[in-house]
Amino acid sequence: MKRIFIFLAVVVLAGGLYGIYLFNKKPADTREETADFEISATDLVKAFSSDEETATKKYVDKILMVTGQIKEINITSSTLFLESADPLANVTCSFYGDENAKLKKLQSGEIVHVKGKCTGKLMDVVMNNCSLNNINQ
Amino acid sequence: MPRLTLIIILFFGFVTNAIGQTRYFTKTGTISFKAGTSLEDIDAINKSVTSIFDLSTGQIEFAVLIKGFEFKRGLMQEHFNENYMESEKFPKSTFKGKFEDLAKINFKKDGTYLTMVKGILEIHNVKKEVQVPGTIKVVGGVISSSAVFKVLLEDYEIKIPGAVKDKISPTVEIEIDCTYKAL
């Protein structure tokens with residue numbers, strides 16, 4: 001009888017601790033995840049402008065490795081804008097704040113590989129939780 | 001058709017440039033909100049807000065992707081997207097409105113201007129007319145906007161299940177901050 005109580009107590013305690021762990025768990029760090037798709041900024045913008053619904057189903061909430069040329073760097077907001085063939089739509093890449101040191105070394109016109117989570121399209125296709133990556137990684 | 005739109009946009013772009021800059025935009029504005037109670041802190045921030053305004057007409061617009069809101073806790077972010085905002089079905093939230101007192105704001109002169117903006121706020125596929133007090137700041141010629149206001153979840157048909165009713169506030173405080181560039 002006593003043994004059953006101890007067993008139950010352990011189960012309840014473990015369950016409770018697991019609950020607390022789940023509750024406090026941070027959102028996944030995209031830097032530790034592998035990309036679901038590798039795509040150029042131009043193709044990504046093209047996919048959204050030609051068929052937003054299909055592109056949304058395919059790319060939104062997915063980890064993308066996007067390759068493109070830097071149009072503009074905004075350090076205050078840790079954001080890079082990548083050029084696409086469409087002058088009115090870029091790829092907005094919002095980086096983790098601690099990636100700023102790396103962003104400061106970049107210049108407009110450079111080609112970069114950005115990994116992050118696609119959140120959809122407003123004027124630009126938007127990527128969140130971004131980080132810089134080397135080509136052979 | 002897209003080419004025609006582009007030509008029209010470029011054409012008007014040149015015209016407004018010729019008569020002086022009137023349109024300003026940002027793609028890196030922030031919107032954050034607080035929806036917690038004393039039992040639980042629930043807050044999130046989105047740093048890729050798009051906003052555009054035209055100082056000749058007083059029109060101002062904001063757009064944000066729901067999936068871009070970041071929470072401190074992963075499960076909260078998941079519930080926010082899946083259960084409350086249904087971001088799969090309704091990916092964006094927008095505001096389209098006008099300055100009520102455009103004449104009071106001198107966008108060319110440094111200063112802090114209190115203003116009122118009236119328009120349609122769309123959250124969770126529900127459109128409501130709202131009137132929101134905001135601030136326009138001009139510092140060294142750079143224009144920024146900010147506003148703090150509250151919305152009732154009920155107004156936007158966002159349902160909170162009984163089990164978490166005392167953890168999620170029925171009114172959510174929203175804060176907006178945008179720094180603009182000339183278009």
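See the structure printed just above.
Residues numbered from 1 in each chain as written. Chains lettered and ligands numbered in written order. Predicted model: local features only at pLDDT ≥ 70, side-chain atom pairs only at ≥ 80, totals over all residues.

Enquirer: Could you give an account of the overall build of chain A, with specific residues and numbers?
Expert: In terms of regular secondary structure, chain A is built from four helices and six strands. Listing the helices and strands of chain A from first to last along the sequence gives α-β-α-α-β-β-β-α-β-β. At 20 Å, chain A has a C-alpha radius of gyration far larger than the 14 Å of a compact globule built from 137 residues. Each principal axis of the C-alpha distribution contributes one length, and for chain A these read about 75 × 35 × 30 Å. Relative to its 137 residues, chain A shows a buried fraction of 31%. Restricting the contact set of chain A to residue pairs at least 6 apart, pairs at least 24 apart contribute 61%. (Helix = DSSP H or I, 4+ residues; strand = E, 2+ residues; numbered from the N terminus. Rg over C-alpha atoms; globule rule 2.2 N^0.38 Å. Buried ≥ 20, exposed ≤ 12 C-beta atoms within 10 Å, placed from the backbone. Contact = placed C-beta atoms within 7 Å.)

Enquirer: Give me the lowdown on the overall build of chain B, citing residues and values where you can.
Expert: The number of helices and strands found in chain B is two helices and 10 strands. The order of helices and strands in chain B, counted from the N terminus, is α-β-β-β-β-α-β-β-β-β-β-β. Across the 183 residues of chain B, 26% fall into the buried class. By sequence separation, contacts in chain B at least 24 residues apart represent 54% of the contacts at least 6 residues apart.

Enquirer: An account of the interface of chain B and chain A is needed here, citing residue identities and associated values.
Expert: Many authors give the size of an interface as the accessible area that is lost as the parts come together. On the chain A side, the residues contacting the 18 residues of chain B number 23 residues. Broken down by secondary-structure element, the contributors of at least two residues to the side of chain B that touches chain A are strand E1 (23-34), strand E2 (43-54), strand E3 (59-65), strand E4 (70-71) and helix H2 (74-84) of chain B. Within the side of chain B that touches chain A, the residues separate by chemical class into six nonpolar, six polar and six charged. (Nonpolar A, V, L, I, M, F, W, Y, C, P; charged D, E, K, R; others polar.)

Enquirer: Quick one: what's the story with the environment of Gly134 of chain B, residue by residue and with numbers?
Expert: Residues and elements named next belong to chain B. When you line up the elements, Gly134 lands in strand E7 (residues 126-139). Sequence separation between Gly134 and Ser145 is 11 residues, and the spatial gap between their C-alpha atoms is 7.2 Å. Residues in contact with Gly134, not counting those within four places in the same chain, are Thr115, Val117, Ser145, Ser146 and Ala147.

Enquirer: Give me the lowdown on the nonpolar core, citing residues and values where you can.
Expert: What tends to happen in soluble globular proteins is that the nonpolar side chains get buried as a cluster. If you look at the biggest cluster of nonpolar residues, it comprises 45 residues, and the most contacted ones within it are Leu44, Val66, Leu82, Val91, Cys93 and Met127 of chain A. In contact with Cys93 of chain A, other than residues within four places in its own chain, are Thr79, Leu80, Leu82, Val114, Gly116, Met127 and Cys130 of chain A. (Core = buried A, V, L, I, M, F, W, Y, C linked by C-beta atoms within 7 Å.)

Enquirer: Explain the pairing of strand E8 (residues 142-152) of chain B residue by residue, including any values.
Expert: On any regular strand, side chains alternate: one points to one face of the sheet, the next to the other face. All names here are of chain B. Two elements, E7 and E8, share six bridges in a ladder whose sense is antiparallel. The partner of Gly134 across the bridge, within E8, is Ala147. The turn joining E7 and E8, which pair antiparallel and follow one another in sequence, is formed by two residues; a positive phi near 55° is taken by Gly140. Here E8 pairs with strand E9 (residues 171-179) via nine bridges, running antiparallel. Each bridged residue has a counterpart across the sheet, and for Ser146 the counterpart in E9 is Asp177. (Pairing = 2+ DSSP bridges.)

Enquirer: Give me the lowdown on unusual backbone geometry, citing residues and values where you can.
Expert: We note that Asp61 of chain A has phi near 75°; this positive angle belongs to a residue other than glycine. Structurally, Asp61 of chain A can be placed in the loop between helix H3 (52-59) and strand E2 (63-74). For Asp61 of chain A, a count of 15 C-beta atoms within 10 Å gives the class partly exposed. Of note in the backbone geometry, His124 of chain B takes a positive phi value of approximately 55° without being a glycine. As for its placement among the helices and strands, His124 of chain B is situated in the loop between strand E6 (111-123) and E7. A count of 18 C-beta atoms within 10 Å places His124 of chain B in the partly exposed class.

Enquirer: Provide a residue-level description of the environment of Ala9 of chain A, including the pertinent values.
Expert: All names here are of chain A. Within the secondary structure, Ala9 is located in helix H1 (residues 2-24). Look at Ala9 and you get exposed, because 10 C-beta atoms sit within 10 Å. C-alpha separation for the pair Ala9 and Ser131, spaced 122 residues apart in sequence, amounts to 44 Å.

Enquirer: Tell me about the pairing of E1 of chain B, and please be specific about residues and values.
Expert: Residues and elements named next belong to chain B. Of the strand pairs in this sheet, E1 and E2 are connected by nine bridges, and their pairing is antiparallel. Each bridged residue has a counterpart across the sheet, and for Phe25 the counterpart in E2 is Ile52. As paired elements, E1 and strand E10 (residues 181-182) share two bridges and run antiparallel to each other. Paired with Tyr24 across the bridge in E10 is Ala182.

Enquirer: Would you mind going over the environment of Ala55 of chain A in detail, with residue names and values included?
Expert: All names here are of chain A. Along the chain, the position of Ala55 falls in helix H3. Ala55 sits in the buried class, given 20 other C-beta atoms within 10 Å. Along the primary structure Ala55 and Gly120 are separated by 65 residues, whereas in three dimensions their C-alpha atoms are 8.7 Å apart.

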